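As a plain string of letters, each chain reads:
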Amino acid sequence: MALGRSVISAQMDLPQTKAETGPTNAAVYHFKVGDFKAMVVSDGTLSFPPNFFVPKADPKAVTAVLKEHFLATKDVLAHINALYLETDEHKVLIDTGAGTAFGPTAGHLLENLEAAGITAQEIDTVILTHAHPDHIGGILDPKGQLRLPNAQFYISQAESDFWMADTVELPKSLLDKETKAGTIMGAKKRLSAIQDRTTLFAMGSEVIPHIQAVDSTGHTPGQASFLITSGEDSLLTTGDVFFSDPLNLENPDWEVAFDGDPEQGVIARRQLLETVTAQRRLLLVPHMPFPGLGHVRTQGDAYGWEPVVWRFAV
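Residues numbered from 1 in each chain as written. Predicted model: local features only at pLDDT ≥ 70, side-chain atom pairs only at ≥ 80, totals over all residues. Heavy atoms only, no water.

With that settled, consider the pattern of salt bridges. Going through the model one piece at a time under the given rule, you end up with six salt bridges. One salt bridge in this structure joins Lys91 and Glu122, with 2.8 Å as the shortest N-O distance. On the criterion of sequence distance, the pair formed by Lys91 in strand β4 (residues 91-94) and Glu122 in the loop between α5 (109-115) and β5 (125-127) is long-range, its members being 31 residues apart. Lys91 gets classed as partly exposed once you look at its relative accessible area, which sits at 25%. In this structure, Asp261 and Lys172 form a salt bridge, with 3.6 Å as the shortest nitrogen-oxygen distance. Here Lys172 lies in the loop between α7 (157-163) and α8 (177-193) and Asp261 lies in the loop between α9 (247-250) and α10 (262-279), a separation of 89 residues in the sequence. Of the residues examined, Asp261 reaches a relative accessible area of 21% and is grouped as partly exposed. (Salt bridge = Lys/Arg side-chain N within 4 Å of Asp/Glu carboxyl O. Helix = DSSP H or I, 4+ residues; strand = E, 2+ residues; numbered from the N terminus. Buried < 20%, exposed > 50% of the residue type's maximum accessible area, 1.4 Å probe, protein only.)

Note that Leu77 resides in strand β3 (residues 76-86). Sequence separation between Leu77 and His287 is 210 residues, and the spatial gap between their C-alpha atoms is 8.8 Å. Once you skip the residues sitting within four places of it in the chain, Leu77 turns out to touch Thr45, Leu46 and Ser47. (Contact = heavy atoms within 4.5 Å.)

When the pLDDT values of the chain are averaged, the result is 93; 93% of them are 70 or greater. Low pLDDT (under 50) marks residues 4-19, which in the prediction has 30 contacts with non-local residues, meaning those over four places away or in another chain. (pLDDT = per-residue confidence, 0-100.)

Turning our eyes to something else, we now look at the side chain of Arg281. Mapped onto the elements, Arg281 comes out in the loop between α10 and β12 (283-284). One buried charged residue, Arg281, remains without a salt bridge, the closest side chain of opposite sign being Asp233 at 9.2 Å. At 2.5 Å, the side chain of Arg281 and the side chain of Ser234 are in polar contact. For Arg281, the residues in contact, after removing those within four places along its chain, are Leu227, Ser234, Leu236, Val276, Gly294 and His295. (Lys, Arg positive; Asp, Glu negative; His and termini not counted. Polar contact = N/O pair within 3.5 Å; in protein donor to acceptor, adjacent residues only side chain to side chain.)

What follows covers helix α4 (residues 59-68). Every buried residue belonging to α4 is among Val62, Val65 and Leu66, and all of these are buried. Summarising the axial view, the buried residues of α4 lie within an arc of 95°, below the 170-degree limit, and thus occupy one face. When the buried face of α4 is taken as reference, the exposed residues oriented beyond 90 degrees from it are Lys60, Lys67 and Glu68. Looking at the buried side of α4, the elements it contacts are α3 (50-53) and α9. Taking the backbone nitrogen of Lys60 as reference, a side-chain oxygen 3.0 Å away marks Asp58 as the first, capping residue of α4. Looking one or two residues beyond α4, the residue adopting positive phi is Phe70, at roughly 60°. (Arc of directions from axis to C-beta.)

Encoded structure:
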């Protein structure tokens, strides 16, 4: 997900709220995938106007959907959820959060990990879904130093090839020119910084043992989801195939501004939703309400979200 200048500015200029200075709710959710210990770790939240998110949708229809679900109609709230996983051999982080890209409401991934007992130095594997700033912004600190100094990075060949090309263009994107330029510059900067410690993978391949790349092209030219399997259990972390319940699930054909190719984004969304509902697949969705774990169910010609039941014992 990438945000326009006006939305970024709004995020950067936000004063501290009571939620940022007083007591807070959980920022980590522990669970298991088979024998693997796992945590969803919050990086924070972002917000943006609905007409920025789905600019081609009828504004009245968008407002009606949000009202029906008791959601604010002036701003869409997006969580940033990252997955931490301990496999037989690795301590894995999928995506790095926003870092300092979007102001004080986001960029809290590493501090929340540390509060849960995991330091940045312990993480040896970082697998990237795609190269938008809210997913790779946490690679570098404000001084340009690696936040995860001992990690090896993995990103799809197609994603790397696209962003690291001499000329990068986003002709089908619905974003403004300045946002496109900032997104491209940010991707080049961060991917260049880890180039000597990055392994490129093909879609469908096993990135590391137990984690398989699933083609999710559309949001970006090389976005991958990841199927994690341990014993009889599995989890699909989706990347940005869909972002919001109810906007994207009840209206999967609404084009999303953040998709580099909105038409392909709709196709990818439809394909994934058909697959995961048929398989009754457990999902981790990066921008759904924390912890972003749940299932998608069919709902007439569209879909609905069923979050997992919160468990206190792991």
